[in-house]
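Results of the structural survey
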Amino acid sequence: MADVDGTRYERSDLEGSGRTFGLGPVELTVELQDTGFDWSVANRGDGTVRIRSVAVVYAVAGARGPVRMFRNGYQSWSPTSVGVLGLDVDPSLRADLPFLQAVHHADQRRARPGELRSEWVTVLADGWGPDDSAVLVGFNGGAGHDGTLRLGTNALGVEVRAEAFLGDAELPAGGQRTLHPVMITEGPAVDAPRLLERWADRAGRVGGARVGSPFQVGWCSWYQYFHDVTEADIAANLALADRWPFDVFQIDDGYQAAIGDWLDTNDRFPSDLAALADSIGSTGRTPGLWLAPFLVAPDSEVARRHPDWIARHRVDGVDSGPLRTWWNPPWGGGEDGFMYGLDTTHPEVAGHLEAVAAAVVEAGFPYLKLDFTFSPSLDGGYVDPSLTPAERVRAGFAAIRRGAGDDTFLLGCGVPLANVVGLVDANRIGPDVAPVWALDPSREIVAGYLGTQPATAHAFTNTLTRSFLHRRLWLNDPDCLMLRTEDTGLTPAAARTWAHAVGVSGGMALVSDDLSLLGPDARALLDEVIVLGREADADAIGGEGARCPDLLEHAAPRMLASGAGSLVADPHTGLSRLLRPGGHPGAPHGEERPGH
Ligand code: 9PG
């Protein structure tokens, strides 16, 4: 059943060759297919229209129990887990902070009361027993616009809304926009992971996913040195790296002269980028570099020279200055840590991003971690108002891909995942790890958004719930291992649980500790992760990647299984058990290893 502007339509009304609905000057055409529908939107009026979103609403018939929803988050750091309608609450309803909502949802406005949201794809089920069934609703792509699934109730019962989010993009008179097809499939509830795998296979095919990069093992400076990293820290770890099996050696946030001025280093880095890359490259490793390409500090060189490259804060046509898209006091910048967002629809910005990417690759970095890339998705004033938020994000990535060339490894981070398929080689798929397992709820900074704060348990949950994306849409980066045993709130058992989750997932295996503090146990754990990871990744390449078998069973699942083994963990304590496949050659420590 569909609901257009208050009028309800039965499936029989929609069958046949496409049905057109008028909504003022806007015309929506919906064509039912066996496994979902195709649709498009057109402007039949005389003037330009701005479209925030259009949706088809289905009645969820015959739900036997509370409806649970697989809630996929919007970007890398957004929590992804299962919610129950009537019980759980969309975090925006608690926060009412559009600045943060913009970072974690396609639509920065608050959800409707009682409504649950999932981005790009969802699975709904009314139970978890052998007779219960599940239905998947997912958009085939996210290059042209975001797709939000909204689960709610109306006078008649439960409804699910498949919303194409266009973010107020302008459609000129006579213009038409084809929307991403929506796929709807059903299966037994216990097969929910399989439904998601089939959806990801299709979305990867349609989007020309880049999934051919080799398994990645590397080192990253962030989780030990943070913003204060120095060239001496990099050199000290590089000197010890000979004894470690790293392919990639990546310098994170902290080297740059300013946010936005990526080609110049600061006082803590006496060498320039080319010399830094050379110092890494000469050891046989791939130099990697972090950038937040769409952010600029207000007092950066680029912002001062090109004020017209910055998106505008504009509400109801009233312009009130440059658009602030992130806040991070350690970055300075002259406005209490607020950063501006570049307007990726501006042709000169596209040229600039292309040139920056080409320059860092030319300096010797063929591996780029592109962070805080949600920035162009924020509501605001952009030079080309016909682009959707998804298209603004993608335009930025496309410019970087053009400049960096086809052979550069691009890792998205803080990235609206649906928007960048086919442009990136890998994506971070969870929140930041930290040397602590779980956070006490009293440490919640913004109401509703505790799950976005750095904590290893948060990264763990997303590693399980998003495992099906790996090698179907890109390589998954679950975030760095936590190998240290000093200065950490993680117990050895919890550190091992996280390491095993990374290994069993088949995703990227990155270390981010001061290597001088690591002993033989840490090294043995990394070696074990690499054995597990290579096995799981090889199976993922063959189409049989890691699966979370209890995906719909709990709010935070406990199990991850792949050809490398089966991990069962308690997400609250971080204690776990890893079962290796029986008699597997090279099984590191026998059949079963207690995690505690
Ligand atoms: C560098 C870091 C590291 C890290 C990234 C990203 O929501 N937050 O407030 C938030 C802040 C920082 C952050 C993630 C989320 O970290 O994930 O690996 O590169 O930037 O600044």
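Heads up: the structure comes first, above all this text.
Residues numbered from 1 in each chain as written. Predicted model: local features only at pLDDT ≥ 70, side-chain atom pairs only at ≥ 80, totals over all residues. Heavy atoms only, no water.

**Quick word on the pairing of strand E15 (residues 217-220)**
A two-sided burial pattern is seen for E15, the buried positions comprising Val217 and Trp219 on one face and Gly218 and Cys220 on the other. Pairing geometry for E15 and strand E29 (residues 509-511), over 3 bridges, is parallel. In the sheet register, tryptophan 219 faces E29, and the bridge partner there is valine 511. With 3 bridges joining them, E15 and strand E16 (residues 248-251) adopt parallel strand pairing. Residue pairing across strands places tryptophan 219 opposite phenylalanine 249, the latter belonging to E16. (Buried < 20%, exposed > 50% of the residue type's maximum accessible area, 1.4 Å probe, protein only. Helix = DSSP H or I, 4+ residues; strand = E, 2+ residues; numbered from the N terminus. Pairing = 2+ DSSP bridges.)

**What about the pairing of strand E9 (residues 116-119)?**
Within a regular beta strand, the side chains point alternately toward one face of the sheet and then the other, so they alternate between its two faces. Covered by surrounding structure in E9 are Leu116 and Ser118 together with Arg117 and Glu119, the residues of both alternating faces. Across 4 bridges, the pairing between E9 and strand E12 (residues 146-154) is antiparallel. Each bridged residue has a counterpart across the sheet, and for serine 118 the counterpart in E12 is leucine 149.

**Topic: the sheet that holds E9**
With respect to topology, 4 strands assemble into an open sheet ordered E6-E13-E12-E9, the strand pairing being antiparallel. The sheet terminates laterally at strand E6 (49-60) and E9, the two strands that pair on one side only. Each strand of the sheet is rotated relative to its neighbour by a mean of 25°, with strand direction disregarded. (Axes fitted to C-alpha atoms, helices over the stretch in contact; angles between N-to-C directions.)

**A look at the site of the ligand**
Around the ligand, the structure places 13 residues, and the nearest of them are Tyr223, Asp252, Asp253, Lys369 and Asp432. At 2.7 Å, a side-chain N or O of aspartate 252 approaches an oxygen atom of the ligand. Contacts to the ligand include arginine 428, whose side-chain N or O atom sits 3.2 Å from an oxygen atom. Protein contact buries 85% of the 460 Å² of open area that the ligand shows by itself. Of the residues belonging to the shell around the ligand, the class tally is 7 nonpolar, no polar and 6 charged. (Near = heavy atom within 4 Å. Polar contact = N/O pair within 3.5 Å; in protein donor to acceptor, adjacent residues only side chain to side chain. Areas by Shrake-Rupley, 256 points an atom, 1.4 Å probe, with all protein chains shown as cover. Nonpolar A, V, L, I, M, F, W, Y, C, P; charged D, E, K, R; others polar.)

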